[in-house]
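Summary of the model geometry
What follows is each chain in one-letter form.
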Amino acid sequence: MALRAKIINHLSQAKDSGLWYLDESLFEKIEYYEDFLLDLKNEFERSTEPFAKEYIAKHTDWDSESMEGDNPDAWMILEVATFGTLSKMYKNLKSQLPQRATIANEFGLYSAKELSSWLEAISVLRNIIAHHSRLWNRSLAKQPMNIKGHCDKWLNNPFTDNQKKKPYGVITAMLYLCNAVYPENQIKAKILFLLDNSKDIPYGKLDFTGNWRSDLIWK
């Protein structure tokens, strides 16, 4: 996952420590940070990855319910973190941290606040799908902010209010991020193939409506 790699890379180099995620001074809201850290440690303890099991077996001072005890380096513990946990972590990084802006830039955005809103919206969409809940004609709790500046092909016009709430807005934002990470990806081609070969399904309920195919990112 590109987000995971970028967070680990930039923060580890900047702080010259594998345990930088334990430094609460890097985060805006301490209460959110504490919840994040406990979630992170619980996810590590629940992991079925051999390296996680081996670490816990070897470190008798490991405690998933406490901030204390032995803690693995960021490259290890963040490897098993969920997308939702990584999204919350990025959002809570202090706004003045240059690494926060750098990560947004590498995703093709000029604003960390915008990237954070996109990650939150994608996380909500992912959770709905993962739990086999209804996505059809659904208004999403989190909405992606429009980008004010961009490094790649985007929209001819900003999202409408309805497009922000519906899956179309989140899917478009996700496509943009995927293009920034790997321009040769086949995600757009697969989505268009699905739409073109399912003409009996009214995808307008997901807000694929109007002239969306004429927008730069979908051409």
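Residues numbered from 1 in each chain as written. Predicted model: local features only at pLDDT ≥ 70, side-chain atom pairs only at ≥ 80, totals over all residues. Heavy atoms only, no water.

**Here we look at the packing of aromatic side chains**
Keep this limit in mind: Here is the rule: rings of Phe, Tyr and Trp (six-membered ring for Trp) pair when centre to centre is within 6.5 Å. Planes less than 30 degrees apart are stacked, more than 60 are edge-to-face, and the remainder are tilted. Each helix corresponds to a stretch of at least 4 residues labelled H or I by DSSP, and each strand to a stretch of at least 2 residues labelled E; elements are numbered beginning at the N terminus. Buried residues are those whose accessible area, probed at 1.4 Å on protein chains only, stays under 20% of the maximum for their type, while exposed residues exceed 50% and partly exposed ones sit between those limits.
Counting across every chain of the model gives 18 aromatic pairs. Aromatic side chains Phe44 and Trp62 sit 5.4 Å apart centroid to centroid with 55° between the ring planes, which places their arrangement in the tilted category. Taken together, the positions of Phe44 in helix H2 (residues 30-46) and Trp62 in the loop between helix H3 (50-58) and helix H4 (74-77) put the pair 18 residues apart, joining distant regions of the chain. In this structure, Phe44 and Trp62 share a single accessibility class: buried.

**Here we look at the pattern of salt bridges**
Put simply, the rule reads: The working definition used for a salt bridge is a side-chain nitrogen of Lys or Arg within 4 Å of a carboxyl oxygen of Asp or Glu.
For the structure on display, the rule yields 5 salt bridges. Between Lys91 and Glu120 there is a salt bridge whose closest N-O contact spans 3.3 Å. On the criterion of sequence distance, the pair formed by Lys91 in helix H5 (residues 83-92) and Glu120 in helix H7 (residues 112-130) is long-range, its members being 29 residues apart. Linking Lys142 and Glu120 is a salt bridge whose minimum nitrogen-to-oxygen distance equals 3.6 Å. Taken as a pair, Lys142 in the loop between H7 and helix H8 (161-165) and Glu120 in helix H7 lie far apart in primary sequence, 22 residues in all. Taken together, the shared-partner salt bridges in this structure form one network comprising Lys91, Glu120 and Lys142.

**Notes on the nonpolar core**
We apply this condition: As used here, the term nonpolar core means buried Ala, Val, Leu, Ile, Met, Phe, Trp, Tyr and Cys residues forming a set that is joined through side-chain atoms within 4.5 Å. Note on definitions: a residue-residue contact is assigned when non-hydrogen atoms from the two residues lie within 4.5 Å.
Membership of the largest hydrophobic core comes to 61 residues, with the highest contact counts inside it found for Trp20, Leu78, Tyr90, Leu115, Leu177, Phe208 and Trp218. Ranked by the residues each element gives to this core, the list is headed by H7, at 8 residues. Here Leu177 is in contact with Phe107, Leu109, Leu115, Trp118, Leu119 and Ile122, once residues within four sequence places are set aside.

**Examining the side chain of Lys41**
One can find Lys41 in helix H2. The residues touching Lys41, leaving out its near neighbours within four places in the chain, are Trp62, Asp63, Ser64, Ser66, Met67, Glu68, Asn71 and Ile77.

**What about the environment of Asn92?**
Note the cut-off: Pairs of N or O atoms are called polar contacts if they sit within 3.5 Å, as long as, within protein, a hydrogen donor faces a hydrogen acceptor (for residues adjacent in sequence, only side-chain-to-side-chain pairs).
By the secondary structure assignment, Asn92 is in helix H5. The exposure class assigned to Asn92 is buried, which follows from its relative accessible area of 8%. Not counting chain neighbours up to four residues away, the residues in contact with Asn92 comprise Leu26, Phe27, Glu28, Lys29, Tyr32 and Tyr33. A distance of 3.0 Å separates a polar atom in the side chain of Asn92 from the backbone nitrogen of Lys29.

**Structural notes on the packing of helix H1 (residues 2-15) against helix H6 (residues 98-106)**
Rule in force here: All axes here are fitted lines through C-alpha atoms, helices being fitted over the stretch that makes contact, and every angle between N-to-C directions spans 0 to 180 degrees. By definition, turning the near helix anticlockwise from the far helix through less than a right angle yields a left-handed crossing, and turning it clockwise yields a right-handed one. Polarity classes work like this: nonpolar for Ala, Val, Leu, Ile, Met, Phe, Trp, Tyr, Cys and Pro, charged for Asp, Glu, Lys and Arg, and polar for all others, with Gly in that last group.
At a closest axis distance of 10 Å, the pairing of H1 and H6 adopts a crossing angle of 145°. Classified by chirality, the crossing of H6 by H1 is right-handed. Residues Lys6, Ile7, His10, Leu11 and Ala14 of H1 form the contact with H6, whose participating residues are Gln99, Thr102, Ile103 and Glu106. In terms of residue class, the contact of H1 with H6 is made up of 4 nonpolar, 3 polar and 2 charged.

**Some points on H2**
Where we set the bar: Expected helix span is given by 1.5 Å per residue-to-residue step, counting one fewer step than there are residues.
For H2, with 17 residues, the first-to-last C-alpha span of 24 Å sits near the 24 Å given by 1.5 Å per residue. Of all the positions in H2, only Tyr33, Phe36, Leu37, Leu40, Lys41, Asn42, Glu43 and Phe44 are classed as buried. Tucked inside the fold, the buried residues of H2 contact H3, H4 and H5.

**Observations concerning the side chain of Asn71**
Inspection of the secondary structure assignment puts Asn71 in the loop between H3 and H4. Assessed through its relative accessible area of 12%, Asn71 is described here as buried. Among the polar contacts made by the side chain of Asn71, one reaches the side chain of Lys41 at a distance of 3.0 Å. Beyond its immediate stretch of four places on either side in the chain, Asn71 contacts Leu19, Tyr21, Leu22, Lys41, Tyr55 and Trp62.

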